[in-house]
Amino acid sequence: MENQKKKSLKWLWIAIAVVVVIGIAVWCGIAASWGKTVKVDNQETTVFGISNVIGISTLLAGIFIVSAVGYMLGRITIKGVSLGTAGVFLVAILFGFLCTLIPENVPVLNSFFLSEKSTNTTYYKSVVQNVGLVLFVGSVGFIAGPKFFRDLKKNFKTYILMGIVIILAGTAVAVAFALIPGIGADFSSGVLSGALTSTPGYSAAKEVAGNVNLVTLGHAIAYPFGVVGVVLFVQLMPKFMKADMNYERSLLKVDVIASTEKKEQKLFKCDDFGLTALALAIFAGLLLGSIKIPLTDKGYNGACFSLGTTGGVLIMCLVFGHFGRIGKLSLEVPAHSAKVLRELGLMLFLIGAGVEGGVSLVSQIKENPSGPMIVVWGFIGGAVMTIVPMIVGFILGGKILKLPLLNSLGSITGGMTSTPALGTLINSAETEDVAGAYASTYPIALVLIVLACNLMIGLIG
């Protein structure tokens with residue numbers, strides 16, 4: 001009797017779902033005849049939809065569609081290895097690609113039409129990606145802050161050496177790739193910046209490139225593997241090494257002297273979630289990241305170095321997280337808040353980067369006359385530029401510098417300037433302590449990749 005009741009309820013829910021789907025389809029058909037003229041990029045276009053699904057509504061729909069499907073993909077585990085949040089990135093690339101296939105005159109779906117000039121693409125690239133980035137690196141900064149400077153003092157020279165060697169290894173491969181007939185420095189520098197997922201490096205290369213389109217094409221081709229390759233590497237290496245993760249986690253512990261004053265003295269908190277402290281640190285970081293240092297005799301009109309959004313916010317959040325207070329004002333972000341904001345930020349960053357990457361890749365391939373072979377060459381070159389520096393860094397860290405495994409992997413994610421891989425490493429290692437190695441190596445890698453992309457074009461031409 002109970003089983004029969006369950007079956008009846010099952011069919012009832014299926015019937016309701018079918019009716020809802022049919023109702024939506026009919027409503028879309030009716031609403032397709034309703035339209036209004038709007039201006040997009042100063043051009044008038046007629047928009048059709050069930051509720052004028054344009055702009056922010058379309059953006060939100062895309063974000064939640066990609067995040068839901070992406071996390072489902074990332075959850076698939078094969079022999080203990082999964083894409084994790086990087087699954088969101090792959091779905092975002094596919095979403096961006098599919099949206100470029102939708103004609104502008106198709107009712108309802110035309111709101112999702114994406115091109116490099118699309119307002120929605122601008123939202124994904126400029127708003128979603130950057131909001132996600134500052135939330136992620138800001139949270140990581142506050143998580144690593146209390147232990148960061150103590151760890152940095154202990155391993156300062158080691159982390160600097162790791163960053164230098166990783167970037168040099170990637171640059172050496174890029175130079176060899178550039179010398180292949182028909183490749184050239186412009187395309188190779190774009191591939192290098194994509195393989196190391198470095199937006200500052202990409203910007204620096206564009207500033208001095210003879211053919212900016214080749215830089216953009218190379219970056220777009222190499223970027224997807226640059227993200228996924230490092231994510232898989234930090235999961236696979238502990239398994240290849242058959243590492244005891246409990247033991248490896250114990251090696252990460254850095255003694256932090258608890259402040260008796262903080263515990264006994266009551267500090268003023270603006271909110272219980274630490275959002276005020278995070279907001280102040282991010283604001284200070286954005287100001288720091290906006291400072292530019294000219295690298296050529298052209299001054300600010302030429303190539304410039306800056307810490308950018310990532311570097312500036314990361315450094316200021318590390319400082320805020322380390323001190324934890326200004327007078328009686330608490331600057332602490334509770335661990336539970338930091339973890340949620342870290343994952344939310346990473347998700348948004350990957351959606352923004354993925355959608356824009358998918359659109360850019362399609363656009364650049366269509367515009368480039370070299371055909372599919374340039375894509376094949378770019379992918380192969382990018383894969384090698386991603387893999388070789390990680391292997392070199394892993395050998396240097398583990399075999400020569402004798403770093404613990406998780407310290408070495410954390411430093412590699414920093415040296416590869418890979419934000420998604422840090423998120424994956426934190427989840428797979430089950431400790432936020434790896435963030436310290438990332439934060440210590442990242443700044444030197446950031447400076448060197450900018451210089452490498454800039455100098456390679458200048459020297460090879």
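Residues numbered from 1 in each chain as written. Predicted model: local features only at pLDDT ≥ 70, side-chain atom pairs only at ≥ 80, totals over all residues. Heavy atoms only, no water.

Chemist: An account of the overall build of the protein chain is needed here, citing residue identities and associated values.
Modeler: Across its full length, the protein chain carries 16 helices and eight strands. When the 461 residues of the protein chain are sorted by exposure, 49% land in the buried category. Contacts in the protein chain between residues at least 24 apart in sequence constitute 77% of all its contacts with a sequence separation of at least 6. With the model as given, the accessible surface of the protein chain reaches about 22,400 Å², and the carbon-plus-sulfur share is 67%. (Helix = DSSP H or I, 4+ residues; strand = E, 2+ residues; numbered from the N terminus. Buried < 20%, exposed > 50% of the residue type's maximum accessible area, 1.4 Å probe, protein only. Contact = heavy atoms within 4.5 Å. Areas by Shrake-Rupley, 256 points an atom, 1.4 Å probe, with all protein chains shown as cover.)

Chemist: Please provide a residue-by-residue account of the pattern of salt bridges, values included.
Modeler: When charged atoms on two side chains of opposite charge get close, those side chains can pair. For the coordinates displayed, the defined rule picks out three salt bridges. Residue Glu 430 pairs with Arg 249 through a salt bridge whose shortest N-O separation is 3.9 Å. Here Arg 249 lies in helix H8 (residues 245-252) and Glu 430 lies in the loop between helix H15 (419-429) and helix H16 (435-460), a separation of 181 residues in the sequence. The exposure class assigned to Arg 249 is buried, which follows from its relative accessible area of 17%. Across the pair Glu 432 and Arg 342 runs a salt bridge, and its minimum N-O distance is 3.5 Å. One end of the pair, Glu 432, is in the loop between H15 and H16; the other, Arg 342, is in helix H12 (residues 335-367), and 90 residues separate them in sequence. Each of Lys 339, Arg 342 and Glu 432 takes part in one network of salt bridges that share partners. (Salt bridge = Lys/Arg side-chain N within 4 Å of Asp/Glu carboxyl O.)

Chemist: I'd like a rundown of helix H6 (residues 199-208), residues and numbers included.
Modeler: Since the α-helix advances by 3.6 residues per turn, residues separated by three or four positions end up pointing in the same direction. Of the residues making up H6, those classed as buried are Gly 201, Tyr 202, Ala 204 and Ala 205. Projection of H6 onto a plane perpendicular to its axis shows the buried side chains occupying an angular sector of 165°, all on one side. (Arc of directions from axis to C-beta.)

Chemist: Describe the nonpolar core, listing the residues and the values that go with them.
Modeler: Grouped together as the largest cluster of nonpolar side chains are 112 residues, with contacts concentrated most on Leu 409 and Ile 412. It is helix H4 (residues 119-178) that contributes the most residues to this core, 18 residues altogether. Residues contacting Leu 409, with those up to four places away along its chain left out, are Phe 233, Val 234, Met 237, Pro 238, Phe 394 and Leu 425. (Core = buried A, V, L, I, M, F, W, Y, C linked by side-chain atoms within 4.5 Å.)

Chemist: An account of a nonpolar patch on the surface is requested, with residue identities and associated values reported.
Modeler: Among the surface-exposed residues, Met 373, Val 376, Trp 377, Phe 379, Ile 380 and Val 384 lie close enough to one another that they form a single nonpolar patch of about 540 Å² accessible area. Mapped onto the elements of the fold, Trp 377 is located in helix H13 (residues 372-400). Residue Trp 377 is classed as partly exposed on the basis of its relative accessible area of 38%. (Patch = residues over 30% accessible without salt bridge, like charges linked within 9 Å, V, L, I, M, F, W, Y side chains within 5 Å.)

Chemist: Would you mind going over the packing of aromatic side chains in detail, with residue names and values included?
Modeler: Under the counting rule described, the total for this entry stands at five aromatic pairs. Where Phe 225 meets Phe 379, the ring centres are 5.8 Å apart and the plane angle is 75°; that geometry is what we call edge-to-face. In this pair, Phe 225 is assigned in helix H7 (residues 212-240) and Phe 379 in helix H13, connecting sequence segments 154 residues apart. Ring plane angle 85° and centroid distance 6.1 Å describe the contact between Phe 233 and Phe 394, whose orientation is recorded as edge-to-face. Taken together, the residues span a long stretch of sequence, with Phe 233 in helix H7 and Phe 394 in helix H13 at a distance of 161 residues. You can call Phe 233 buried: its relative accessible area is 10%. With relative accessibility at 13%, the residue Phe 394 sits in the buried group. (Phe/Tyr/Trp six-rings, centres within 6.5 Å; stacked < 30°, edge-to-face > 60°.)

Chemist: Please set out the confidence of the model for the protein chain residue by residue, giving values where relevant.
Modeler: When pLDDT is averaged along the protein chain, the result is 79, and 82% of the positions lie at 70 or above. In the model, residues 255-264 has pLDDT below 50 throughout and makes 12 contacts with residues more than four positions away in sequence or in other chains. (pLDDT = per-residue confidence, 0-100.)

Chemist: Summarise the side chain of Thr 431; cite the residues concerned and give the values.
Modeler: Within the secondary structure, Thr 431 is located in the loop between H15 and H16. Taking relative accessible area as the criterion, Thr 431 reaches 9% and is therefore assigned buried. At 3.1 Å, the side chain of Thr 431 forms a polar contact with the backbone nitrogen of Asp 433. Beyond its immediate stretch of four places on either side in the chain, Thr 431 contacts Arg 249, Leu 252 and Ile 426. (Polar contact = N/O pair within 3.5 Å; in protein donor to acceptor, adjacent residues only side chain to side chain.)

Chemist: Outline the packing of H7 against H15, supporting the account with residue identities and numerical values.
Modeler: Interhelical geometry of H7 versus H15 gives an angle of 20° and a closest axis separation of 8 Å. It follows from the interaxial angle that H7 and H15 lie roughly parallel. Between H7 and H15 the crossing geometry is right-handed. Where H7 approaches H15, its residues Val 227, Val 230, Val 231, Val 234 and Gln 235 are matched on the opposing element by Pro 420, Ala 421, Thr 424, Leu 425 and Ser 428. Among the residues forming the contact of H7 with H15, the class breakdown is seven nonpolar, three polar and no charged. (Axes fitted to C-alpha atoms, helices over the stretch in contact; angles between N-to-C directions. Parallel < 35°, antiparallel > 145°, perpendicular 65-115°, else oblique. Left-handed = near helix turned anticlockwise from the far one by under 90°. Nonpolar A, V, L, I, M, F, W, Y, C, P; charged D, E, K, R; others polar.)

Chemist: Describe the packing of H4 against helix H11 (residues 308-323), and please don't skip the residues or the numbers.
Modeler: Two elements in contact, H4 and H11, have axes whose closest approach is 6 Å; the angle formed by their N-to-C orientations is 35°. Crossing of H4 against H11: the hand is right-handed. Looking at side-chain class alone, the contact of H4 with H11 contains 15 nonpolar, eight polar and no charged residues.

Chemist: Talk me through helix H5 (residues 184-195); I want residue IDs and the actual numbers.
Modeler: For H5, which comprises 12 residues, the first-to-last C-alpha distance of 16 Å matches the rise-based estimate of 16 Å (1.5 Å per residue) to within 8%. Where burial is concerned, most of H5 is hidden: 11 out of the 12 residues are buried. Residues of H5 that are buried: Ala 185, Asp 186, Phe 187, Ser 188, Ser 189, Gly 190, Val 191, Leu 192, Ser 193, Gly 194 and Ala 195. Of the residues trailing H5, Thr 197 is marked for its positive phi of about 45°. (Expected span 1.5 Å × (residues − 1).)

Chemist: An account of unusual backbone geometry is needed here, citing residue identities and associated values.
Modeler: Positive phi, normally seen in glycine, also occurs at Lys 242, with a value near 50°. What makes Lys 242 exposed here is its relative accessible area of 76%. The backbone of Lys 402 sits at a positive phi, close to 60°, despite the residue not being glycine. Residue class for Lys 402 comes out exposed when judged on its relative accessible area of 62%.

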